Amino acid sequence: MKQRIEFYQAVLKPAQDPATLGLLWRVSLAIVIVWGLVFVYAGVNQYQLQEQNMALQAAVQIGEQEAEQLRTALAELKARQDDGTKEQVERTIRTRQDLLQLLNQKNLVSYANTLNDLAHIPWQGVALQGLTLRGKQMMLRGAANHASAVPAWILGFEQSASLSGHRFGQLSISQDTEGGLSFSLYSSEVADE
């Protein structure tokens, strides 16, 4: 009687036992080689990543330097613009101070008062075409029908408060191309300049 029962044929039976010491060494060597390749690949990959990180850090430093240069240039530009603004503000202040000083002068001639007084003076034969006031100085320009109308009109200045205080030292009358007369009357303050 047989003590052992075989479930497969002899052809299918392996020629040797699979678990030999040589096979174990070969499998271990293959595992070590595979792990070695994995570690080499990881090391190369890590080296490449470090190189990329260093390149990125260098690019970031260059970017920060350029940003700092731009901030410096922007600050210089703002400083230059502020200088122009400062000068403009100083000019405005000086102009306003001069105007305030001019307005604080006594006997300053006012357009409103002068025009109001001129409106109440008889105008027969005289047409006023221009009025220039600079501080206490006054210049009147106009046209007249005849030469005697201008002195008669000037005599009416004595009745007005804004015109009576002025001395008109220069009167020029000329004839224009159309035959009309034009005149210019200057206060003595303008004539002296």
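(A) Representation of the overall build of the chain in the model. In terms of regular secondary structure, the chain is built from five helices and four strands. In the chain, the succession of helices and strands from N to C terminus is α-α-β-β-α-α-β-β-α. Taken over 193 residues, the chain has a buried fraction of 17%. Here the chain displays about 15700 Å² of accessible surface, and carbon together with sulfur accounts for 57% of that area.

(B) Spatial organisation of the nonpolar core. Of all hydrophobic cores here, the largest spans 15 residues; its most connected members are L118, L140, W153 and F157. Every element with two or more residues in this core is listed here: β1 (126–134), β2 (137–144), α3 (149–155) and β4 (181–187). W153 has contacts with L118, I121, P122, W123, V126, L128, L140 and F183, leaving out every residue within four places of it along the chain.

(C) Representation of the side chain of S184 in the model. By the secondary structure assignment, S184 is in strand β4. Look past the residues within four positions of S184 in its chain and what remains in contact with it is L140, R141, Q170, L171 and S172.

(D) A look at the environment of G125. Among the structural elements, G125 can be located in the loop between α2 (111–119) and β1. Separated by 28 residues in the primary sequence, G125 and W153 have C-alpha atoms spaced 8.8 Å apart. If we ignore the near neighbours within four places in the chain, the residues touching G125 are A143, A144, N145 and A149.

Reading the values: the criteria
- Residues numbered from 1 in each chain as written.
- Predicted model: local features only at pLDDT ≥ 70, side-chain atom pairs only at ≥ 80, totals over all residues.
- Heavy atoms only, no water.
- Helix = DSSP H or I, 4+ residues; strand = E, 2+ residues; numbered from the N terminus.
- Buried < 20%, exposed > 50% of the residue type's maximum accessible area, 1.4 Å probe, protein only.
- Areas by Shrake-Rupley, 256 points an atom, 1.4 Å probe, with all protein chains shown as cover.
- Core = buried A, V, L, I, M, F, W, Y, C linked by side-chain atoms within 4.5 Å.
- Contact = heavy atoms within 4.5 Å.

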